[in-house]
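Coordinates in review
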Amino acid sequence: MATQYPPSHLSLEMLHGQLAAMIDHWTADQEDVETSISSLFLFRRETMTEPCECVVEPSIVLVASGVKQLIIGDHAYRYDTSHFLLTSLDLPARSQVLEASPEQPSMGLVFNLDLNIIAELISHHRLSPPQEKLSEEGAYIGQLTPDLLEPFNRLLALMNRPEDIPVIAPLIKREIHYRLLKSDLAARLWKIVSAGSQSQRISRAIDWLKNHYNQPLRIDELAAHVQMSSSSLHHNFRQLTAKSPLQYQKWLRLTEARRLMVNDGLDAAKAAFQVGYESPSQFSREYSRAFGAPPKRDVEALRKRTDQIANTGS
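Residues numbered from 1 in each chain as written. Predicted model: local features only at pLDDT ≥ 70, side-chain atom pairs only at ≥ 80, totals over all residues. Heavy atoms only, no water.

Re the overall build of the protein
Across its full length, the protein carries 12 helices and 10 strands. Its C-alpha atoms give the protein a radius of gyration of 21 Å, near enough to 20 Å, the size a compact globule of 314 residues would have. Seen through its C-alpha atoms, the protein measures out along the principal axes to roughly 60 × 50 × 35 Å. By residue count, 47% of the 314 residues in the protein fall in the buried class. For the protein, the proportion of contacts with a sequence separation of at least 24, taken over those separated by at least 6, is 71%. (Helix = DSSP H or I, 4+ residues; strand = E, 2+ residues; numbered from the N terminus. Rg over C-alpha atoms; globule rule 2.2 N^0.38 Å. Buried < 20%, exposed > 50% of the residue type's maximum accessible area, 1.4 Å probe, protein only. Contact = heavy atoms within 4.5 Å.)

The structure is reproduced here in structure tokens:
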């Protein structure tokens, strides 16, 4: 059962102040922090940025200070201290910091959603579905309230009491999912977890692509797997992800090859073959189009940037 608390007596501004102070403490001299609480990540940016390629999982993103936006295809989702970002699928996107400075950094958190908890809460507590007609999208902007922000503050506060995390964190996480079902994005969450919905079918298609990205893609087989026609799969997949299934598979291949080169030290040819390319030259062309530089130069730049961040924090 979701842990119940009375409505927060603190204002949104006061709660943001508390959240910002905790994130400031845990992210000192760091840009991204994987916390001791599973599914919870912190970020800090002290300058505005150009759109940066990123991988988005089903999650909620809050900013305690500053302004950010997520770009999916041609659609930009702007969020700030009054609004939160909700993403429903594993999406290729671009993230951008719109307001930040060393004196007032952009700080916030990413909390990965557990769609099974949402489905269980709906079923167990017999929650009534919101009566709202929705467009199919892969991301949404919601109105942040004290009742939603307050459990996030309690979750971060647990980082000072690590012995309490295994017992208390699951209860607070469950409450956060419950609060989301009471937010203005409740109808979106219902649609995401509803069996047979287009969003749920596209989610299954994405899971299949993630597990078979290095194999040849046959659209008719993928469509049959998720019980859609090929034309319906293509239309809804592009509507939700801003990519076709084939483009999405290419993105998976290129990002995995990039990881293999940066983290595992593979050269471009070996990485290309491992992710399913038969032609290293084709891989190099598509990699350059995706990341703006040939594989070797891009990897060298990434390693240099990582070393600079590490040296700054040491």
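A short note on unusual backbone geometry
Backbone geometry at Ser39 places phi at a positive 75°, although glycine is not the residue there. Residue placement: Ser39 occurs in the loop between strand E1 (32–34) and strand E2 (40–45). We classify Ser39 as partly exposed; its relative accessible area is 27%.

A short note on the sheet that holds strand E6 (residues 75–79)
In spatial order, the strands read E3-E8-E5-E6; together these four strands make up an open sheet with antiparallel pairing. Each edge of the sheet is formed by a strand with only one pairing partner; in this case those strands are strand E3 (52–56) and E6. Across this sheet, the average inter-strand angle for adjacent strands is 35°, counted without regard to direction. In terms of strand pairing, strand E5 (residues 67–72) meets strand E8 (residues 91–99) through five bridges, oriented antiparallel. In the strand pairing of E8, Gln69 is matched with Gln96. (Pairing = 2+ DSSP bridges. Axes fitted to C-alpha atoms, helices over the stretch in contact; angles between N-to-C directions.)

Focus: the nonpolar core
Of all hydrophobic cores here, the largest spans 45 residues; its most connected members are Ile60, Phe84, Leu109, Leu155 and Leu156. Here this core gets seven residues from one element, more than from any other, and that element is helix H4 (residues 165–181). When neighbours within four sequence positions are excluded, Ile60 is seen to be in contact with Phe84, Leu85, Leu109, Val110, Phe111, Leu113, Leu148, Phe152 and Leu180. Counting residues in hydrophobic clusters, the runner-up holds 42 residues, among them Leu85, Leu89, Val275 and Phe283. (Core = buried A, V, L, I, M, F, W, Y, C linked by side-chain atoms within 4.5 Å.)

Details of the layout of surface pockets
The method is simple in principle: a probe with the dimensions of a water molecule rolls over the atoms, and the space it marks as empty is what remains. Considering only enclosed or pocket space, the largest pocket measures out at about 2,000 Å³ in volume. For the largest pocket, the lining is made up of 46 residues, of which Asp32, Arg45, Glu53, Cys54 and Val55 are closest to its centre. Ranked by residues supplied to the lining of the largest pocket, first place goes to helix H9 (residues 245–264) with nine residues. Taken together, the residues of the lining of the largest pocket break down into 22 nonpolar, 10 polar and 14 charged. Estimated volume of the second largest pocket: approximately 420 Å³. Lining the second largest pocket are 18 residues, and of these Glu53, Pro92, Lys243, Trp251 and Ala290 sit closest to its centre. (1 Å grid on protein atoms, 1.4 Å probe; cavity = no way out; pocket = protein on both sides within 12 Å on 5 of 7 lines; lining within 4 Å. Points joined across faces, edges and corners; volume = space filled by probe spheres on them. Nonpolar A, V, L, I, M, F, W, Y, C, P; charged D, E, K, R; others polar.)

Some thoughts on the sheet that holds E2
Working definition: the strands of a sheet are paired by backbone hydrogen bonds and lie parallel or antiparallel to each other. The strand order across the open sheet built from six strands is E1-E2-E9-E4-E7-E10, with neighbouring strands paired in antiparallel fashion. Either end of the sheet is taken by a strand with one partner, and the two such strands are E1 and strand E10 (139–143). Geometrically, the sheet is characterised by an average inter-axis angle of 20° between neighbouring strands, direction not taken into account. In the sheet, E1 pairs with E2 via three bridges, with the strands oriented antiparallel. Looking at E2, one finds that Glu34 is bridged to Phe41. Helix-sheet contacts for helix H1 (residues 12–26) involve E1, E2, strand E4 (59–65) and strand E9 (106–112), and the interaxial angle to E9 is about 90°.

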